[in-house]
Structures are given as C-alpha cells and as structure tokens.
Amino acid sequence: QEQFVESGGGLVQPGGSLRLSCVGSGIFFNTSFTAWYRLAPGKSREQVATLSRWGVAVYAPSVKDRFIISRDDAKSTVYLQMNKLKTEDTAVYYCNKGLADLRPWGHGTQVTVSS
C-alpha cells in the first residue's frame, strides 16, 4: 500500500529553522519527481519544492533561497530543510510525487511560525 508519513513540524519563532521528513511506503522517490506541498488556511495548495529523479531541485519564489529539498533513497525518505522561517510559512506540509503523478495524501505535518 502506498503511503506517505510526514514528520518534523512544530512551533518555531520567525527566523528559526525546521527539518521535515517524509517516509514513503511502497513508493520510490527516485523514479520521478518528488515534491513538498503546503496548505494554509484560506489558501490553495502550494507546491513549494520539487526534486527530479536526477536530483535537480526547483523552488517556489516564496521559499527560494530559504528551503532545501533532498532525499535519501536508501531510507525512502525525502527531507525539507526550512531556514529563515516567516509567519507566512505557517501551513500543513505534505510530500507527494509531482503533480502529474500524485498518490494518496498523507496526514501532513503542521508548521507554525509565530513569536
């Protein structure tokens, strides 16, 4: 059964950092695009970071130069290192495949940036 399990979220002050993890069961991250998405109250889902099978990363302008996506194929895990966090980064974060290859969504992990 294909499943994503996200973790690592929490409450952090503006300017702080968090590292999110996503373990995939029955899913191979290195066969196509993998991405982190976020959903904030009252907003549509945003694709914030994408990693190709060859390791090329692309970021949304809102997180560029602050977030880093990476993966460990041996652990079937994708990471999102989030630095210089802003209040507008507050959202539930999910990992999944790319938009053309979405699988069932996991529960996500809540990130709250607040002083």
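Bear in mind that the values here come from a model prediction, so they are computed numbers and not experimental data.

**Q** Describe the sheet that holds strand E7 (residues 67–72), and please don't skip the residues or the numbers.
**A** Spatial ordering of the open sheet is given by E1-E3-E8-E7, a layout of four strands whose pairing is antiparallel. The sheet terminates laterally at strand E1 (3–7) and E7, the two strands that pair on one side only. Between one strand axis and the next, the sheet turns through 15° on average, direction left out of account. Bridge count between E1 and strand E3 (residues 18–25): five bridges; the pairing is antiparallel. Following the sheet pairing, Glu6 is matched in E3 by Cys22.

**Q** Hey, could you go over the pairing of E7 for me, with residue numbers and the actual values?
**A** The pairing of E7 with strand E8 (residues 77–82) spans six bridges and is classified as antiparallel. Looking across to E8, one finds that Asp72 is bridged to Thr77. Between E7 and the antiparallel strand that follows it, E8, lie four residues; Ser76 among them carries a positive phi value of about 50°.

**Q** Lay out the sheet that holds strand E9 (residues 91–97) in plain terms, naming residues and giving numbers.
**A** What the six strands build is an open sheet, ordered E2-E10-E9-E4-E5-E6; its pairing is mixed. Across the chains shown, the open sheet's two edge strands, defined by having one partner strand only, are strand E2 (10–12) and strand E6 (57–59). Direction aside, neighbouring strands of the sheet carry axes that sit 25° apart on average. The pairing of E2 with strand E10 (residues 109–113) spans three bridges and is parallel. Looking at the pairing, Val12 lines up with Val113 of E10.

Rules and cut-offs
Residues numbered from 1 in each chain as written. Predicted model: local features only at pLDDT ≥ 70, side-chain atom pairs only at ≥ 80, totals over all residues. Heavy atoms only, no water. Pairing = 2+ DSSP bridges. Helix = DSSP H or I, 4+ residues; strand = E, 2+ residues; numbered from the N terminus. Axes fitted to C-alpha atoms, helices over the stretch in contact; angles between N-to-C directions.

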